[in-house]
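# Geometric and topological summary
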Amino acid sequence: MNSRQSAQLLARSWRRISPRGGSLPRALFTKEAPLVASTAPVAVAAGHSKRHISLKSLFAPSPPKTDGEDQMAGSRQRLLVRPDDLFHPLSKSPIKEMREKGVLIQKHGCCPSCVIETTAKGHAATREPMFECPDCGYPTHCTEKHWEEDTKHREELCSHLREANEDEHDLRSGRTLREFEFPSAQLPEVVVNFSSWDTFLYTRSFTNVNTDRSMRHVSKVLTYPVTIGATLHQYSPFTLSTGLTPEGLKSLTALRTTIKEHELARSEKDLEMQQTPLRIFVLGARAEAMLPPHLYLQLSYLLPSSPIHIYFVGPECIPAPEETRSTIVVSSRLALKYHKGYFHDAIWNFAPFDPFTDVFFMFSPGLAHPNARAGWKLTVEKLLETKCAIFATGFHEQDMQTDVKGLEEDFGGQMDWLLKPRPNPFTSLKRDFGIRNLQEWAIANWGIYGFRGKRYEVQSNQ
């Protein structure tokens, strides 16, 4: 058999095993084929940076790998913490960052039992939490006696703190975090289900999210883009039967009309070039602006036909640490823009506004917080003038209801409710605890509500 006949035989064999019946890669006909690219680091022996490929190595089955070998194949790093031994008291943690966190809590925190024991003058007689709870591993009280007396800690907080302890150790354990290998674009014939995190991750093919811990890791970073996508999508979980008001349906219908026009324009090149981008303004941006830009591709995949521009606006708004640009073009249909400053001061940089293409999101803004209420009042006044849809979230029910009450007190007669306050199905599943007081906790985007500047319709006297 000559070389030409061998090549023909190899091509026929490839077409039989190829899932798409594709042609044989040209690299197989070269004298030396490069190693297949992988997302995980692979060690290469010195002096053997290239390898030859043969028919035997192409079609021979791979030897089975044990669980340990499969885990080490993805990462050659030494594991700092084993997956079956994640719990460690912070002071004895093998991970430096966790030990430093324990020291920070001891330095800036306070004993909750001491806070309750106030002096006659009304000042809290607080002491640093030097005693480490043996059940959760966090320094929670000043002495063992105060820890034993604090039933609230053991009944309500200890289990959540232990969960946070194990989650933080897992993220820093040195293992390959497969759950952060996200899927790409959705197939047109596959419909995304927005009922809950479980159905969403399943229909979006997040195959590596298969434990409660991995679900918490992923939901913490995806809660921002998925909350936006779930609100705007035609199969949104927010309907008239789940808190959406008639005015809210009008505002979302206007935005979805633009999204539908983007879908129809894909078939016409001339129309596609004239598309008006969907503008999403994230006001008071903090953590959401610090996420790696590629995470917002998950929003783009939910609205694949729409060009999207996301504007992060706020005094604490800065790009991810490695980025220095004010605009980051993530893909041909997604751009992230950063503006450090207050929206009410820079509104003319973004005007004019159109309810069919513009929408605002405020993630846990603290609209009624005593230290921020005056500043937010100026921003909300300008927002209501745009007549565009505005959606906001809260850390927990009390936080959300406090902001809603503040809005009604300041702007009750100037706005319409679009979405009644309710739990957000795409909240983060991870609790975050304050360094100064471990009894204060927050869950990113726990609840969601929507409003808009009141629209007046002219009616005939007849």
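In what follows, the structure referred to is the one given above.
Everything numeric in this text was worked out from a predicted model, so none of it was measured.

### Some details on the packing of aromatic side chains
All told, the structure shown has 27 aromatic pairs when counted by the stated rule. Aromatic side chains Phe200 and Phe206 sit 6.2 Å apart centroid to centroid with 35° between the ring planes, which places their arrangement in the tilted category. The buried category is assigned to Phe200, whose relative accessible area is 1%. Among the aromatic residues, those joined into a ring-pair cluster are Phe180, Phe182, Phe194, Trp197, Phe200, Phe206 and Phe426. Between the NZ or CZ atom of Arg162 and the centre of the ring of Phe87, over which it lies, the distance is 3.9 Å. The positively charged end of Arg431 is found above the aromatic ring belonging to Trp441, 4.0 Å away from the centroid.

### Re the environment of Thr276
Looking at the element boundaries, Thr276 is found in the loop between helix H11 (269-273) and strand E3 (278-283). With near-sequence residues (within four places) excluded, Thr276 lies in contact with His262, Pro307 and Thr357.

### Structural notes on the sheet that holds strand E4 (residues 308-314)
One key point about sheets: their strands pair by backbone hydrogen bonds, in either a parallel or an antiparallel sense. Read across the sheet, eight strands follow the order E5-E6-E4-E3-E7-E8-E12-E9 without closing on themselves; strand pairing throughout is mixed. Both edges of this open sheet fall to strand E5 (327-331) and strand E9 (415-423), since each of them pairs with a single strand only. Along the sheet, successive strands turn relative to each other by an average axial angle of 20°, direction set aside. As defined by bridge partners, strand E8 (residues 389-394) adjoins strand E12 (residues 447-453) across five bridges and the pair is classed as antiparallel. The residue of E12 that forms the bridge with Ile390 is Phe451. Along the sheet face, helix H10 (residues 246-265) touches E3, strand E7 (358-362), E8, E9 and E12 and points at about 90° away from the line of E9.

### Comments concerning the nonpolar core
Phe200, Leu222, Leu232, Ile280, Ile310 and Phe312 are the most contacted members of the largest nonpolar core, which totals 52 residues. Top element by residues in this core is helix H9 (residues 212-232). It accounts for nine residues.

### Some points on the pattern of salt bridges
Any two side chains of opposite charge can pair if their charged atoms end up close together. Within the structure shown, the criterion is met by 20 salt bridges. Linking Asp416 and Arg452 is a salt bridge whose minimum nitrogen-to-oxygen distance equals 3.2 Å. Residue Asp416 is found in strand E9, and its partner Arg452 is found in strand E12; the two are separated by 36 residues along the sequence. With respect to class, Asp416 is no different from Arg452; both count as buried. The residue Asp416 makes a salt bridge to Lys454 at a minimum N-O spacing of 2.9 Å.

### With respect to the side chain of Gln298
Mapped onto the secondary structure, Gln298 falls in helix H13 (residues 297-302). Among the residues examined, Gln298 registers a relative accessible area of 4% and is labelled buried. Among the polar contacts made by the side chain of Gln298, one reaches the main-chain carbonyl oxygen of Pro183 at a distance of 3.1 Å. Discounting residues that sit within four places of it in the chain, Gln298 has contacts with Phe182, Pro183, Arg204, Phe206 and Leu222.

### Here we look at the pairing of E5
As paired strands, E5 and strand E6 (residues 334-340) are joined by four bridges and run antiparallel to one another. Paired with Val329 across the bridge in E6 is Ala335. What sits between E5 and E6 in their antiparallel hairpin is a turn of two residues.

What counts, and where the lines are drawn
- Residues numbered from 1 in each chain as written.
- Predicted model: local features only at pLDDT ≥ 70, side-chain atom pairs only at ≥ 80, totals over all residues.
- Heavy atoms only, no water.
- Phe/Tyr/Trp six-rings, centres within 6.5 Å; stacked < 30°, edge-to-face > 60°.
- Buried < 20%, exposed > 50% of the residue type's maximum accessible area, 1.4 Å probe, protein only.
- Lys NZ or Arg CZ within 6 Å of the ring centre and 35° of its normal.
- Helix = DSSP H or I, 4+ residues; strand = E, 2+ residues; numbered from the N terminus.
- Contact = heavy atoms within 4.5 Å.
- Pairing = 2+ DSSP bridges.
- Axes fitted to C-alpha atoms, helices over the stretch in contact; angles between N-to-C directions.
- Core = buried A, V, L, I, M, F, W, Y, C linked by side-chain atoms within 4.5 Å.
- Salt bridge = Lys/Arg side-chain N within 4 Å of Asp/Glu carboxyl O.
- Polar contact = N/O pair within 3.5 Å; in protein donor to acceptor, adjacent residues only side chain to side chain.

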